[in-house]
Amino acid sequence: MKSMGERNGTSSKDRSVNLDVRNYKLLLNALLIGVITGLLSSLFRLVLSRLSALRTTFQIGGADQLWQDWFWSMLFTFFGIWFSIFLVKKYAPEAAGSGIQEIEGALDGVRPVRWRRVLPIKFFASICSLSSGLLLGREGPTVQIGANVGKMVEDVFKQSVEEDNPLISTGAASGLASAFNAPFSGIIFVIEEMNGHFKFNFYSLAALMIGAGSADMVVRFLVGSGPILKTTIFTFENLTGLWLFVVFGLILSCMGIAFNKLLIEALDFFKKIRINPIVIALSIAFVITAVGLYSEDMIGSGYSTIANAYNDSFTLKFLLALFVVRFFLSIMSYGSGVPGGIFTPLITLGVISGMLFGGMAQYFFPDLVQDPAIFGVAGMAGIFASTIRAPLTGLALSVEMTANYELILPLIFTAVTASVCTTMLGNAPIYSILLKRVLHKGETAV
């Protein structure tokens, strides 16, 4: 007696062959997505580096500067903020903010992926906002760009609807990998942060690995290889000091709660006020320029600030001021609605708080603290775990960005303490909050 498949003219062998072909196409598409995302991310990073260098030629920070220098610096910052707001509001509101919440919504089928609009707008608007001196990171834009590349490949090659989820996820992993030279973090981020949205199977996981790896390879070839943050490579042998990392994790959990709540309030504030975007851009530009006049370390994404903190360039008093100023300016920058990520500003805050905590711990417990900078690395993982509630991603990012693989043990204690405590205190992951906010209010921005 013939089976149903044979009566319909399709044998089980044919179905198996078709499935294998579809899986192989998925892997080839993942490779293509990784290469395209890597190319776009490389161009993004190179252009951003040039424009950021151009802004610093105004030499903010000298009290003897002529007013013309201040004027041109503020004009540069104002134009970047205003043009970024203009592009997003007029052409692609979903390109505002990091865009990661939009990707999570797309994986659930509740948010559209309009790659024809989002790709150019996210690219150019993010270039403007990030080069202006705002406290935003490049990882949010590259993740959304990568995910939209995934959707583009799916549409161009007319793949089945079933391929939509793994291709978009592959693009997101490729975007994070290419932002930080951190392919493992890109893979872990999708699995951990997007676990409720990502359709997990062997081939979709293989697609993530191929996409993240190929994107990172392209970026390393075009931009440069090695860890993003050049720090001392530490060893950790004094296990009696592990309890300090637990205490530090508790502090970071409270910090994460405050950051998430204030970030949402800032978004609501900028949404409610009925002020011309030009006035908003001018006001923010004035604040950024004035703060940058005092110290360049208090503005920008934070890479140079992290390097200076690790090099013990700051006193504890200045570190405290630096943390407070960057904490609120980071919230203001994201709340304004321009494109940009929060990973890098958060990591910077984690490093600063770690250096603060490590400095005080070394003063009171000199035998337990080998180097305060170890807490700086732990702070990167802990602040990530407490705000985004993705401890594994925070752990992987901290290790890949600094090459401090021997610090995994204290980083685990910090990250798990921060994530568990922030969860027990009712702090939801920031991207879940942002997605619910978008869906509840029917908005397309941040």
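What you see is a predicted model; the values in this text were computed from it and never measured. (Residues numbered from 1 in each chain as written. Predicted model: local features only at pLDDT ≥ 70, side-chain atom pairs only at ≥ 80, totals over all residues. Heavy atoms only, no water.)

## Here we look at the overall build of the chain
Here comes step 1: Secondary structure assignment for the chain yields 18 helices and zero strands.
Here comes step 2: Computed over its C-alpha atoms, the radius of gyration of the chain comes to 22 Å, within 12% of the 22 Å expected for a compact globule of 446 residues.
Here comes step 3: Each principal axis of the C-alpha distribution contributes one length, and for the chain these read about 90 × 55 × 40 Å.
Here comes step 4: In the chain, which comprises 446 residues, the proportion classed as buried is 58%.
Here comes step 5: For the chain, restricting intrachain contacts to residue pairs at least 6 apart in sequence, the fraction spanning at least 24 positions comes to 82%.
Here comes step 6: Of the roughly 18,900 Å² of accessible surface on the chain, 67% is carried by carbon and sulfur atoms. (Helix = DSSP H or I, 4+ residues; strand = E, 2+ residues; numbered from the N terminus. Rg over C-alpha atoms; globule rule 2.2 N^0.38 Å. Buried < 20%, exposed > 50% of the residue type's maximum accessible area, 1.4 Å probe, protein only. Contact = heavy atoms within 4.5 Å. Areas by Shrake-Rupley, 256 points an atom, 1.4 Å probe, with all protein chains shown as cover.)

## Structural notes on the nonpolar core
Here comes step 1: One finds Phe180, Phe343 and Met401 to be the most contacted residues of the largest nonpolar core, which totals 120 residues.
Here comes step 2: Among the elements that take part in this core, helix α10 (residues 242-272) stands out by supplying twelve residues, more than any other.
Here comes step 3: Sequence-distant contacts of Met401, that is, excluding residues within four places in its chain, are made with Phe180, Pro227, Ile228, Leu229, Tyr303, Ile347 and Met380.
Here comes step 4: Within the second largest apolar cluster, seven residues are counted, among which are Leu87, Ala95, Ile121 and Ala125. (Core = buried A, V, L, I, M, F, W, Y, C linked by side-chain atoms within 4.5 Å.)

## Regarding the pattern of salt bridges
Here comes step 1: Counted under the stated rule, the structure contains six salt bridges.
Here comes step 2: Residue Arg114 pairs with Glu94 through a salt bridge whose shortest N-O separation is 2.7 Å. A residue pair is termed long-range when its members are at least 10 positions apart, and Arg114 in the loop between α4 (100-107) and α5 (115-131) and Glu94 in the loop between α3 (67-91) and α4 qualify at 20 residues.
Here comes step 3: Residue Arg114 is classed as partly exposed on the basis of its relative accessible area of 33%. (Salt bridge = Lys/Arg side-chain N within 4 Å of Asp/Glu carboxyl O.)

## Section: the packing of α10 against helix α17 (residues 408-424)
Here comes step 1: The interhelical angle for the contact between α10 and α17, taken along N-to-C directions, is 40 degrees, at an axis separation of 7 Å. In terms of axis orientation, α10 runs oblique to α17. The way α10 lies across α17 gives a crossing that is right-handed. Contacts between α10 and α17 involve Leu242, Phe245, Val246, Phe248, Gly249, Leu250, Leu252, Ser253 and Ile257 on the former and, on the latter, Leu409, Pro410, Phe413, Thr414, Thr417, Ala418, Cys421 and Thr422.
Here comes step 2: Residues that form the contact of α10 with α17 fall into these classes: twelve nonpolar, five polar and no charged. (Axes fitted to C-alpha atoms, helices over the stretch in contact; angles between N-to-C directions. Parallel < 35°, antiparallel > 145°, perpendicular 65-115°, else oblique. Left-handed = near helix turned anticlockwise from the far one by under 90°. Nonpolar A, V, L, I, M, F, W, Y, C, P; charged D, E, K, R; others polar.)

## Remarks on the UniProt feature "transmembrane region" (unreviewed entry) in the chain
Here comes step 1: When the UniProt feature table is mapped to this numbering, "transmembrane region" (unreviewed entry) covers residues 26-48, 70-88, 202-222, 242-263, 275-294, 314-334, 346-365 and 407-431.
Here comes step 2: With 100% helix and 0% strand, the stretch residues 202-222 has end C-alpha atoms that lie 31 Å from each other.
Here comes step 3: With 76% helix and 0% strand, the stretch residues 407-431 has end C-alpha atoms that lie 28 Å from each other. (UniProt positions renumbered as here; feature names shortened; annotations may be inferred.)

## Observations regarding the side chain of Ser132
Here comes step 1: Locating Ser132 in the fold gives a position in the loop between α5 and α6 (139-156).
Here comes step 2: Judged by relative accessible area, which is 0%, Ser132 ranks as buried.
Here comes step 3: Engagement of the side chain of Ser132 in a polar contact is seen with the backbone oxygen of Ser129, the distance being 2.6 Å.
Here comes step 4: Setting aside residues up to four positions removed in sequence, Ser132 forms contacts with Arg55, Thr77, Gly80, Ile81 and Ile288. (Polar contact = N/O pair within 3.5 Å; in protein donor to acceptor, adjacent residues only side chain to side chain.)

## A look at the packing of aromatic side chains
Here comes step 1: Across all of its chains, the model carries 24 aromatic pairs by this definition.
Here comes step 2: Ring centres of Phe83 and Phe86 lie 6.2 Å apart, and the angle between their planes is 20 degrees; this geometry places the pair in the stacked category. In this pair, Phe83 and Phe86 both sit in helix α3, three residues apart, roughly one turn of the helix.
Here comes step 3: Between the aromatic rings of Phe323 and Phe327, the centroid separation amounts to 5.8 Å while the plane-to-plane angle is 35 degrees, which identifies the pairing as tilted. With Phe323 and Phe327 both in helix α13 (residues 316-335), this residue pair falls four residues apart, about one helical turn. Residues Phe323 and Phe327 agree in their burial class; the two are buried. (Phe/Tyr/Trp six-rings, centres within 6.5 Å; stacked < 30°, edge-to-face > 60°.)

## Things to note about the environment of Glu406
Here comes step 1: If you trace the backbone, Glu406 turns up in the loop between α16 (391-402) and α17.
Here comes step 2: Classification of Glu406 by relative accessible area gives exposed; the value is 52%.
Here comes step 3: Along the backbone, Glu406 and Phe234 are 172 residues apart, and their C-alpha atoms lie at a distance of 6.9 Å.
Here comes step 4: For Glu406, the residues in contact, after removing those within four places along its chain, are Phe234, Thr235 and Phe236.

## Topic: a nonpolar patch on the surface
Here comes step 1: A cluster of nonpolar side chains, contributed by Leu239, Ile408, Leu409, Ile412, Phe413, Val416, Val420 and Met424, occupies part of the molecular surface with about 700 Å² of accessible area.
Here comes step 2: Mapped onto the secondary structure, Ile412 falls in helix α17.
Here comes step 3: Ile412 sits in the partly exposed class, given a relative accessible area of 40%. (Patch = residues over 30% accessible without salt bridge, like charges linked within 9 Å, V, L, I, M, F, W, Y side chains within 5 Å.)

## Things to note about the environment of Arg111
Here comes step 1: With respect to the element layout, Arg111 can be found in the loop between α4 and α5.
Here comes step 2: Residue class for Arg111 comes out buried when judged on its relative accessible area of 14%.
Here comes step 3: Placed 104 residues apart in sequence, Arg111 and Ala215 show a C-alpha to C-alpha distance of 25 Å.
Here comes step 4: Only 3.0 Å separates the side chain of Arg111 from the side chain of Glu102, close enough to count as a polar contact.

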